[in-house]
Amino acid sequence: MDRFQDLSNQQPVQDQRGWLSFGIGILLAITTGILLHWVPPQPRLDVYAFAFAAIGAVYVGSALAEKRGRSIFLEAAIAIACIALSLFALWVSPLVLMVQQKSE
């Protein structure tokens, strides 16, 4: 019984990995933003649009992996909206993705 009491006072390992993953994600996002600062405007818009569409695709994949019937429809709708907004930004107006186009 003492063995179970010792385990109950410890933090789960998964919680610690979650914060580490969150920190790595923030660091990579900041690094990407800094590196894209020197990229010309049109390729920068393409990269942002591709990343936004990829986020939508990953969102659908995670919804399907969880196999929750009710939330799959909502998560698929959000993913379709992400992909549609990225296409709209490429074809109509980059302001949808909040990417400023400088006139050169």
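A brief report on the enclosed structure follows. (Residues numbered from 1 in each chain as written. Predicted model: local features only at pLDDT ≥ 70, side-chain atom pairs only at ≥ 80, totals over all residues. Heavy atoms only, no water.)

Within the protein, the regular secondary structure consists of 4 helices and 0 strands. Order of helices (α) and strands (β) in the protein, N terminus to C terminus: α-α-α-α. Counting only residues that meet the buried cut, the protein has 15% of its 104 residues in that class. In the protein, the proportion of contacts linking residues at least 24 apart, taken out of those at least 6 apart, comes to 53%. As displayed, the protein has an accessible area near 8500 Å², and 68% of this comes from carbon and sulfur atoms. (Helix = DSSP H or I, 4+ residues; strand = E, 2+ residues; numbered from the N terminus. Buried < 20%, exposed > 50% of the residue type's maximum accessible area, 1.4 Å probe, protein only. Contact = heavy atoms within 4.5 Å. Areas by Shrake-Rupley, 256 points an atom, 1.4 Å probe, with all protein chains shown as cover.)

How two aromatic rings sit relative to each other is set out by the distance from centre to centre and by the angle between their planes. Going through the model one piece at a time under the given rule, you end up with 1 aromatic pair. Aromatic pair tryptophan 19 and phenylalanine 22: ring centres 6.0 Å apart, planes at 90 degrees, arrangement edge-to-face. Taken as a pair, tryptophan 19 and phenylalanine 22 lie in helix 2 (residues 13–36) at a separation of 3 residues, close to a single helical turn. With respect to burial, tryptophan 19 and phenylalanine 22 carry one shared label: exposed. (Phe/Tyr/Trp six-rings, centres within 6.5 Å; stacked < 30°, edge-to-face > 60°.)

Glancing now at the layout of surface pockets. In this structure, the largest pocket encloses a volume near 160 Å³. Elements supplying a minimum of two residues to the lining of the largest pocket: helix 2 and helix 3 (41–66). The element contributing the most residues to the lining of the largest pocket is helix 3, with 5 residues. Each residue belonging to the lining of the largest pocket can be placed in one class, and the counts come to 7 nonpolar, 2 polar and no charged. (1 Å grid on protein atoms, 1.4 Å probe; cavity = no way out; pocket = protein on both sides within 12 Å on 5 of 7 lines; lining within 4 Å. Points joined across faces, edges and corners; volume = space filled by probe spheres on them. Nonpolar A, V, L, I, M, F, W, Y, C, P; charged D, E, K, R; others polar.)

As a further point, take a nonpolar patch on the surface. Among the surface-exposed residues, Trp19, Phe22, Ile26, Ile30, Ile34, Leu35 and Trp38 lie close enough to one another that they form a single nonpolar patch of about 850 Å² accessible area. Overall, isoleucine 34 belongs to the partly exposed group, its relative accessible area being 46%. (Patch = residues over 30% accessible without salt bridge, like charges linked within 9 Å, V, L, I, M, F, W, Y side chains within 5 Å. Salt bridge = Lys/Arg side-chain N within 4 Å of Asp/Glu carboxyl O.)

Here we come to helix 4 (residues 69–91). Compared with the 33 Å implied by 1.5 Å per residue over 23 residues, the 34 Å span of helix 4 between its first and last C-alpha is a close match. Looking at helix 4, one finds that the buried residues are Ser71, Glu75, Ala79, Cys82, Ser86 and Ala89. Lining the buried residues of helix 4 we find helix 3. (Expected span 1.5 Å × (residues − 1).)

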